[in-house]
Amino acid sequence: MTRLLTQIERVAASETRVCILGETGTGKELVARAIHDKSGRRENAFVTLNCAAVPAELIESELFGHEKGAFTGATAKHTGKFEQADGGTLFLDEIGDMPVAMQAKLLRVLEEGEVERVGGDKPIRVNVRVLVATHRNLEELVKQNAFRRDLFHRVYVFPLALPALRERAEDFPALVGHFARQVAAQNGWKEKNFADDAIAELRRYSWPGNVRELRNVVERLVLLAGEGAVSGADVRVVLAGAGGGAAERVGGAGVASAESSGTLANRTEAFEREVLLAEIRRHNFHMTNVARALGLERSHLYKKCQQLGIDLQSLRKPE
């Protein structure tokens, strides 16, 4: 992490395009924001777009904007993300999920510094630093013709690789302490300490959701633990799923899964569904709070519910 922070300091002062790599939940947006905050553009806007959360038919309008009447439902002019970020930074998260047809239009903007709104008839000059991130292997996507090679060379200038949480065992005390203080301050709760055996239990877990998942687990522990410090027993209860839908530990090895059999994809899907349902019920269907707790945009949260077959309308009906 020290090496990563040094790289952030060096690249922030430049206009170099940065590609932030890392698993889901490792803090890619935080890194992008840090680069912006340390750059000469820090006084201007920092704008984000999650490419995986926007339907393919809407992403062009989201990026470039549209004129009134450009398509059905376009009842007013819409300013796109590039114009919103003019003079500042645009962060494109999960760029590996951007449709190939849209990649060609993004490439043109990066090369020419001009956007054209959907339904517009004149180009608009923009001065934007574009940072991108992905949890996918872009080089493999290029080989599969799922990502344009010319765009890859435009955005993959300075890669920053974020380590997974399981690779940062020495950081657990600092991270847990930070999140515990944050949760206590946000909710007006008494600050909780974590015993050494609690930290040891947290280190044994595999953390598929990385730092984002750790933050959620710490919040559950602060909420559910009794008087005194959070103990290893408290951690085992929460990670076993008895504390409100956290991941199941299989055979004490800390394997995250809502199912003990099946393919990795099926187990991952079951785990995601379990976590989403637990958070939705915990926040009493307040989707803005659910999205905030899970570190998602609201649009991405609704899309994820649809993908996992979670019918919110049916869930809200009393049994």
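Residues numbered from 1 in each chain as written. Predicted model: local features only at pLDDT ≥ 70, side-chain atom pairs only at ≥ 80, totals over all residues. Heavy atoms only, no water.

Quick notes on helix 10 (residues 210-224)
Here is the rule: In this text, helices come from DSSP runs of H or I with a minimum length of four residues, and strands from runs of E with a minimum of two, each type numbered from the N-terminal end. One less than the residue count of a helix, multiplied by 1.5 Å, gives the span that helix is expected to have. Categorising residues by exposure relies on relative accessible area from a 1.4 Å probe, with only protein chains included: less than 20% of the type maximum marks a residue as buried, more than 50% marks it as exposed, and the intermediate range marks it as partly exposed.
In this model helix 10 runs 21 Å from its N-terminal to its C-terminal C-alpha over 15 residues, within 8% of the 21 Å that 1.5 Å per residue would give. Most of helix 10 is tucked away, with twelve of its 15 residues classed as buried. Burial in helix 10 covers these residues: Asn210, Val211, Glu213, Leu214, Arg215, Asn216, Val217, Val218, Glu219, Arg220, Leu221 and Val222.

Some points on the packing of helix 8 (residues 172-187) against helix 10
Which entries qualify depends on this criterion: Here an axis means a line fitted to C-alpha atoms, over the contact stretch when the element is a helix, while the angle between two N-to-C directions is reported on a 0 to 180 degree scale. Angles below 35 degrees are treated as roughly parallel, those above 145 as roughly antiparallel, those between 65 and 115 as roughly perpendicular, and all remaining angles as oblique. Whether a crossing is left-handed or right-handed is set by the direction in which the near helix is turned from the far one by less than a right angle, anticlockwise for left-handed and clockwise for right-handed. Pairs of residues are marked as contacts when any of their non-hydrogen atoms sit within 4.5 Å. Asp, Glu, Lys and Arg are counted as charged, while Ala, Val, Leu, Ile, Met, Phe, Trp, Tyr, Cys and Pro are counted as nonpolar; the rest, among them Gly, fall into the polar class.
Interaxial distance between helix 8 and helix 10 falls to 9 Å at its minimum, and their mutual angle equals 55°. Viewed along their axes, helix 8 and helix 10 adopt a mutual orientation that is oblique. Where helix 8 crosses over helix 10, the handedness of that crossing is right-handed. Of helix 10, the residues touching helix 8 (which contributes Phe172, Leu175, Val176, Phe179, Ala180, Gln182, Val183, Gln186 and Asn187) are Val211, Leu214, Arg215, Val218, Glu219 and Val222. Here the residues of the contact of helix 8 with helix 10 sort into ten nonpolar, three polar and two charged.

A look at the sheet that holds strand 5 (residues 89-93)
In plain terms, the rule: For two strands to pair, DSSP has to find at least two bridges joining them.
Read across the sheet, five strands follow the order 2-5-8-1-9 without closing on themselves; strand pairing throughout is parallel. With one partner strand each, in any of the chains shown, strand 2 (46-50) and strand 9 (158-161) form the two edges of the open sheet. Strand-to-strand twist in this sheet, taken as the mean axis angle between neighbours without regard to direction, amounts to 20°. Strand contacts of helix 1 (residues 2-12): strand 1 (18-21), strand 8 (129-134) and strand 9, with the helix running at about 155° to strand 9, the strand carrying the most contacts.

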